[in-house]
Structure formats: structure tokens, C-alpha cells
2 protein chains.
Amino acid sequence: MKSDFFDDNSDILTGVAYKNIHIRKKIISYFADAGNATIAELCKETNLSVPKVTTLITELIAGGLVKDFGKVGSTGGRRPNIYGLAPDSGFFLGVDVKHNHINIGLIDLQKKLIKISKDVPYNLNNTAESFSELCELIRSFIKDTAIAKDKILGLGLNLSGRINYSTGYSYSFFHFNEDPLSKLLEKELNLKTYLENDSRAMAYGEFNCGVVKEEKNVLFLNLDYGLGMGAMINNELYYGKSGFAGEIGHMPLFSNETICQCGKKGCLETEASGRALIAMFKEKLLTGSSSSLKKEAHDDIQMQDIINAANNDDVLSIELIATIGEKLGRGIALLINIFNPELVILGGALASTGEHLHLPIKSAVNKFSLSLVNSDTQLKLSKLGEEAGVMGACLLVRKRLLEYSI
Amino acid sequence: MKSDFFDDNSDILTGVAYKNIHIRKKIISYFADAGNATIAELCKETNLSVPKVTTLITELIAGGLVKDFGKVGSTGGRRPNIYGLAPDSGFFLGVDVKHNHINIGLIDLQKKLIKISKDVPYNLNNTAESFSELCELIRSFIKDTAIAKDKILGLGLNLSGRINYSTGYSYSFFHFNEDPLSKLLEKELNLKTYLENDSRAMAYGEFNCGVVKEEKNVLFLNLDYGLGMGAMINNELYYGKSGFAGEIGHMPLFSNETICQCGKKGCLETEASGRALIAMFKEKLLTGSSSSLKKEAHDDIQMQDIINAANNDDVLSIELIATIGEKLGRGIALLINIFNPELVILGGALASTGEHLHLPIKSAVNKFSLSLVNSDTQLKLSKLGEEAGVMGACLLVRKRLLEYSI
DNA sequence: CAATCTTATTAAAAAAAATTAATAAATATC
DNA sequence: GATATTTATTAATTTTTTTTAATAAGATTG
């Protein structure tokens, strides 16, 4: 049963009824963020009395959204019951769209990953056919799950480029007609849909199930063909006015003649990105350098090939990645000076080279940022790796539906 | 009478008593931020009934912190009474410390500027004498006001450089011994004291009484001898981990050989700051350029002299300021790409050249930032000008004392 | 300018929530 | 292993708050 709690009628109500809705939302959101809890904990959290919370919880259980998970250990004394969101009363779909493949995943209300399909082949093009193909892949994933369609409450979809999540518009892909892309997807799949910028979704995944512990101001760097950033400021994703924040690829830190995708020269991306890595690698091969990675056609070399080679101790690949790390370090130093973050996370495909990238970045950051500011900031590798995007997409729909529509 | 409301005992209380304290805080904070309000407005804001709010307001009036300001206009129907903070029940002192002078001001609980002394001569040096002198100036300002000393509830003090506002440490000035500077000032002046970074305080002043209307994500640039930034993110000042956020002066955007104050080369500040302006001006005079500004000793030329010359149509000064604007524009473009803000404010001494600086910056920003992102952002000159710092200092103490100690 | 309509304030009644007390269940200690 | 202690749950009572109604004050309109 699609729970009543996802129909919002809080505008009509007044007084006590309104307050009750408000408290219910607070309890749900506590369950959503902090996990399961006892009545006593909820009393502290809500500043309400035990009887009041007990009645509310009883109502929520009757509604099906909350479940009694039975007794739990105690520090001495009667063991309390613990309550939390009923895991199978709702599921959330997340799709991470990359250039050559997609990752699809499904989580339940308790954030548990139920099913994931990684590296599903797919070519992202800005065409109607490519869009249909994407929808078809999602439909087929849904069909393969054992979950009833009406239990899937929403879809989160990550795209690279500029995304305005609040309007649902994508400006880089599938911007065919007047309607926002999220509306198109909703019509096509019959699922409430939220778009998100890929880097920001990865950041959110990492904030929630990754390397972030207590930190409240965190930068996540998505180091892929291009560069992206998701920032968590005061425990919230930062969007800026229209969701375009985090464009770090086009910082003009170099004086070269390479024309960037954005049309300008000297962008960080032109010297420190997956795209730059490929270019440098081909260049090196042409000028006689040797590598364990050999392909007949140079045009066929993919970023992933070089990453794999580096992870298999190919000297040329390792050297080039170190060069990129050194340059990225300059950009990261700049960001540290501006944000004074507690933590900077290195994520995205290039980060899967681990220490090969991490160490050069670290020493460049030490060299280029102000020492007092820099000593405040930790630098860590992503923990979720390839799965950060899917997890972020799933968790973001969940968050939004729980926040806005209880 | 120093009100009871400034003694915090909310930890001891439970249940209803605790809740009442909480609601009172909410009402006070509403008055503090949004200004005066009627009972009906407060009911909406707090989701409480009219009788409840009426009792609370009556209590607050009895306590002396709130005042009934009488009837106010209506849209038809009986005219409601309007309530707000009693302006003369508390005052806040703000000190803006510059290199060659200080500005001191005093506001009341209603944010009204009661007294201000601008351009009080003072030489900021990192010595114990300089510190004593500063204290003496503050004491003398207090003596000159008609306000009883015990009605002055706190002091806000702005310094340039790295300030950790939560610990009260200043790392660039007056860092003599183990104790944080804020503690030293408190002992010396017998006033609760908060330190703040100068750019951030100016930003806060501008956010509250300046050019900011509805915008929630705003960057304020302090363009002075050096460069600083204060960021408002989601309606709050952004500090970063230790309050060091906003170091924009050391973005490595240039490839020159000038050694910056920070010890590195190529910093934005080496080519686009008041310090750079003076250097360029002297250089130009040496190579034969003419200017209406003539001083016997070149060493005597101050930034303010060049600013004044520009405002009096001196061609050389205007040209140099345009050069600086063009370069600043590159840095601002970078910030726009990262923050996607709604508004960027140009403040600090250099901004008092108005359009001479504004226009070159604007065109550089258009040239260097991503167009979709850039078209989102307004660029405006500071409205408060020289007073931004004092206002910010006053308003920040007020905010802190109202928030944490009601 | 009187009648009607809005809105605010005050007072009385009804509902809701917090206390308090009582009971139950588990743990720690002697 | 029995008793005391700690903590949770449930029930009864008291307090608080909301709701409803009544009254007052001012604005609008014919």
C-alpha cells in the first residue's frame, strides 16, 4: 500500500492537527537521518512527553510507515523497544548516467541497497533515441526487481553538466522542448523523478555512506573526463542560485593554448582531467615513450585503460597521473583557501588510481595553500568509488520524498 | 537593568518550562531579525494560539526586553498593537580596525546607529603598546556616549587576517600569549567580546542594512590593500572549519615574479589590490607618466590618494584602476563558477571608485565566466561603503548575544 | 454618518498534553 | 538466587493550551 504519509495536506490544516503533522514529520526525518530510535530518544529529540510520542508512534505504525523492531540492549534496566522506518514500505531508484555506461540501483527506506546493476552499456548522446534507450534500460531494471511497481516511490537521475534540480531542467542533455526533463521522465516512467548533477549526487552518497564522519564542511571532487565538485556546507548540499555551483573545471590556472570545452583557454580541465590524461598519453606514445599499454589504434585508448595500466604499475601511466595530481593540487589548494573545509574527498574514475594520484595532490596542496588554513583540512580518497553516484541518486530521492511529501 | 533574559539557564529546566524558554527565544529572535511584529504575526510564526502568545509577550514586557509600540495601520478592521525589542534596554559596540585608523560605532537593540566615530587615527602594529592604545580609544569612546556602561552588552571587533571567531584567537595581530585575544579584551574592557575577520564583518553589515534584498547566497568582496571575501550561504555567514574561509587574495592566477605577502608567486593580490595599485602607480610615475596627483616623496603616496585622484578624473589613476578591475574580474569569474551566487558585492576602499572599478570588472566577468552561470549573478557596489565594517561588527555582537544568551 | 464588515483582544469552555503515579520488565549486586 | 536498582510502559490526574464564543475597536460603504 502506498502510504498516506506521502500525500501532503499540511497546508489545509491548522492548530493541533497542523502541529501533529509537523511532529510526525520531525520523527520521520529523525528516523530517516539518524536511523532507528527508542521512545525515550524521540522524546529528547522532540521535547515531548512519553505518552504523546507513544500515541504518535502507534499511529505511524498503524499507517504502515513505521515498524516496531522489538527489544534492544540496555545499560541496566528494562530493555526499550526500538522503532524505525518499515524498510519494505517504500523503495527508491537511482540512476547514474555516465558517458559509456549507466549504473542503476535500488534502496529501501532503511537505506539498504537491495539491487544494483553496474556498468550497463549505454551511449549517452543528446538525442531522442538515446533518451528512449535510457528509459528502456530503467524499465527493464524495474521489471527485474521483485518489488511491486507501486512500492517504488521515486527516481533519482544523475547527469553531468548543468542541472537545475528545483525546476528539473537539464541544460546539457535531453533539452528537447519546453518541458523540463524531469517531467518527461515522469511521464515516460510514471515515477516521481528528481534530476541531479552527477558530482553533487556522488558527493551526497559519500557524505552519507562514505568517508565522511562528523565533518560538516566537505568538498567532494569528481575527477573524471571532466572535473566537477559537490560541496557540503553546514551538513547540506550546496547548490547556489540555480544549482550550477561547483564548476571547478574552468578555473583559469594555466597559460596554455589548448581550447577547453567551454571555449576558453587555460582552464584547469585542459591540463588536469581524464581528457587531458588521454591527450598527454597519446602525445607521449607519439614521441617515443614506451608503455605496457599497447593498442593498435591510438584513437581507441580510453581513460579507464590508462587507469588500469597505472594500477598495474605501468611507469608512463603512473608518471602522467602524478603530473595531473600536481596540477590538480594547485586547484585544490585554491579551494581550500576559499572554503577552509574539514575534509576534501578525491572521487571519480581518476581517484581509483589511489595513492598514485593521492600523494602528488597532497604534496602540491601543501606547497600551494596557506599553511594555517591547509593544516585544518584532511584529504581522503573516496570510499564508495564507482558506487558513489548510484547511492547518492537513491539517497537523494529518498531524502526529498521524505522531506517534502510526508 | 541588565535583563534576566541574558542569563541562560535553559539547561536545568525541563518540559513546559523549557518549552516556554524556547518559544521566548523564538519570539526574541524573530524581533531581532525581522523587526517588530503584531501578536497575529507571532502566532503564525510560532504556530501558537493567540492567548499563549499574549501571555508570553506580557511576560517579556514585564521583563523589560520587549516594548509595546502602540497601534499600527491596518488593512481594514481593528488596528493591532505592535511589539518589538525595547531599543534602550541594550546597546552593542562595534570596532572596525584598519591599518591607519579605526571606526567605532554603537547601535541599540533595534539596530539603530546611536553614535559613530569615523577615521579615528590609530596605527595598527602587532605590539603591546598598539594594543593598549586601541583599548584606550575604545574606553574613551564609551565615556563619550551618554549610555550607562552596564547597558552596553558586548563588543564586536574586526581585524584583518586569520581570526577564529569561536575560540577568539587572532593569528595575525596581538597574538602575544596563551590566552585568546577576545579574553584579553574582555579583561581589559570588562565587556563580552567577539572577534571577527574584517571582510566577514563588512559582509554581514552589507547583508543586513546594505544592498542585499532577498538574496540568500551572496559574496562580498573587500577590496583594500589586500583582498578578502565574506560569503553568505543560505542566509548565514560562512566560516569554514576554523573561520579562515574566504582567502581569495592568494589564488594563483598569474605567472609573474612578484613575491606575495604569503610567500608565493602569482597571487591575485600581487596584481589586483590596493598594494598592487600603489606599486603600479609609482612605477608609472618613474617611467614618465603624468598625473594630477603629485607628491614630493613618492614613498608617501597612499592608496586613498590614488582613489581620490581617480574620483577627480585623473586619467592615470582611472586607467590603473581599470587594469586592476580587469584582473579582479578574472578572479570574480572563478568565484561565480564555483559559488553560482545570486549577488556579488564590491566593497572595501577600492570600491569607492564606483564605476571606474565596476565596469571593467563587469566586462571581465562576462568574458571569463560560464555564460549560463554568469547570467544568474548580479554585480553591485557596496551601499554602506566605509561604514560596512562598523555596522557588521555591531550587528554581529547583537546577533550573538541575542542567539546564545537569551 | 449609520450600518456593515474586518480584525484584535479578552474570557470561558473544551481538548490536549504533561505530570505524576503505578506497574512491569530487565539488570546488577549482595 | 533474592533483593534492590534501573528503565520502560501504561494509566490516572493535573496542568496547559487550544478552541470557541463574546466583546471591542476601527475601517469601509451606501
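Residues numbered from 1 in each chain as written. Chains lettered and ligands numbered in written order. Predicted model: local features only at pLDDT ≥ 70, side-chain atom pairs only at ≥ 80, totals over all residues. Heavy atoms only, no water.

The name an unreviewed UniProt entry assigns to chain A is Sugar kinase of the NBD/HSP70 family, may contain an N-terminal HTH domain, from the organism Pedobacter nyackensis. Listed in UniProt under the heading Sequence similarities (unreviewed entry), the comment for chain A reads: "Belongs to the ROK (NagC/XylR) family." (UniProt positions renumbered as here; feature names shortened; annotations may be inferred.)

(A) Looking closely at the overall build of chain A. Scanning chain A from terminus to terminus reveals twelve helices and 15 strands. Across the 406 residues in chain A, those meeting the buried criterion constitute 57%. Partitioning the contacts of chain A with sequence separation of at least 6, the portion at a separation of at least 24 is 63%. When the accessible surface of chain A is split by element, carbon and sulfur atoms take 50% of a total near 17,300 Å². Treating the 44 positive side-chain charges of chain A as one cloud and the 48 negative ones as another, the clouds have centres 6 Å apart. (Helix = DSSP H or I, 4+ residues; strand = E, 2+ residues; numbered from the N terminus. Buried < 20%, exposed > 50% of the residue type's maximum accessible area, 1.4 Å probe, protein only. Contact = heavy atoms within 4.5 Å. Areas by Shrake-Rupley, 256 points an atom, 1.4 Å probe, with all protein chains shown as cover. Lys, Arg positive; Asp, Glu negative; His and termini not counted. Charge placed at Lys NZ, Arg CZ, Asp CG, Glu CD.)

(B) Local environment of the protein's contact with DNA strand C. Among the 20 residues in the neighbourhood of DNA strand C, the closest are listed as Ser 49 and Lys 52 of chain A together with Gly 15, Lys 19 and Gly 77 of chain B. Among atoms of DNA strand C positioned within 4 Å of the protein, sugar and phosphate together represent 73%. For DNA strand C, a phosphate oxygen lies 2.5 Å from a polar atom in the side chain of Ser 49 of chain A. At the level of secondary structure, the elements contributing two or more residues to the surface near DNA strand C comprise helix 1 (15–34) and helix 3 (50–63) of chain A together with helix 1 (15–34) of chain B. (Near = heavy atom within 4 Å. Polar contact = N/O pair within 3.5 Å; in protein donor to acceptor, adjacent residues only side chain to side chain.)

(C) Here's a closer look at the interface of chain B and chain A. Taken together, the contact between chain B and chain A spans 43 residues of the former and 43 residues of the latter. Carbon and sulfur atoms make up 63% of the area that chain B and chain A hide from each other, which totals about 3,600 Å². Our count for the chain B to chain A interface comes out at 23 residue pairs in polar contact (both at pLDDT 80 or more). Of all the elements in the fold, those that place two or more residues in the side of chain B that touches chain A are helix 1, strand 12 (227–233), helix 9 (315–339), helix 10 (355–368) and helix 11 (371–374) of chain B. For the side of chain B that touches chain A, the leading source of residues is helix 9 of chain B, giving six residues. The class makeup of the residues in the side of chain B that touches chain A is 23 nonpolar, eleven polar and nine charged. (Buried area = accessible area lost by both parts, 1.4 Å probe. Nonpolar A, V, L, I, M, F, W, Y, C, P; charged D, E, K, R; others polar.)

(D) Just the side chain of Thr 145 of chain B, in detail. All names here are of chain B. Relative to the assigned elements, Thr 145 resides in the loop between helix 4 (128–144) and strand 7 (152–159). Owing to a relative accessible area of 9%, Thr 145 belongs among the buried residues under this scheme. From its side chain, Thr 145 meets the backbone oxygen of Ile 142 in a polar contact 2.7 Å long. When neighbours within four sequence positions are excluded, Thr 145 is seen to be in contact with Leu 106 and Lys 115.

(E) Region of the structure containing helix 9 (residues 315–339) of chain A. Counted at 1.5 Å a residue, the expected span for helix 9 of chain A with its 25 residues is 36 Å, and the 35 Å between its end C-alpha atoms agrees. Summarising burial for helix 9 of chain A: 19 of the 25 residues are buried, a large majority. (Expected span 1.5 Å × (residues − 1).)

(F) Region of the structure containing the nonpolar core. Ranked by size, the top nonpolar core spans 100 residues in total, and within it Phe 339 of chain A together with Phe 339 of chain B carry the most contacts. The residues touching Phe 339 of chain A, leaving out its near neighbours within four places in the chain, are Leu 219, Met 229 and Ile 233 of chain A together with Tyr 238, Gly 240, Ala 245, Ile 338 and Phe 339 of chain B. (Core = buried A, V, L, I, M, F, W, Y, C linked by side-chain atoms within 4.5 Å.)

(G) The pattern of salt bridges, seen in detail. Residue and element names in this part refer to chain A. Summed over all chains, the structure comprises 32 salt bridges over all chains. Ionic pairing is found between Glu 59 and Arg 24, a salt bridge with its closest N-O pair at 2.6 Å. Here Glu 59, found in helix 3, pairs with Arg 24, found in helix 1; they are 35 residues apart in sequence, far enough to count as distant. Its relative accessible area of 43% is what places Glu 59 among the partly exposed residues. Overlapping salt bridges bring together Glu 136, Arg 139 and Glu 188 as one network. (Salt bridge = Lys/Arg side-chain N within 4 Å of Asp/Glu carboxyl O.)

(H) How the structure looks around unusual backbone geometry. Despite not being glycine, Asn 47 of chain A has its phi angle at roughly 60°, a positive value. The residue Asn 47 of chain A is located in the loop between helix 2 (39–46) and helix 3 in this model. Residue class for Asn 47 of chain A comes out partly exposed when judged on its relative accessible area of 34%. The phi dihedral of Asp 313 of chain B is positive, around 65°, even though this residue is not glycine. Considering the arrangement of structural elements, one finds Asp 313 of chain B in the loop between helix 8 (303–311) and helix 9.

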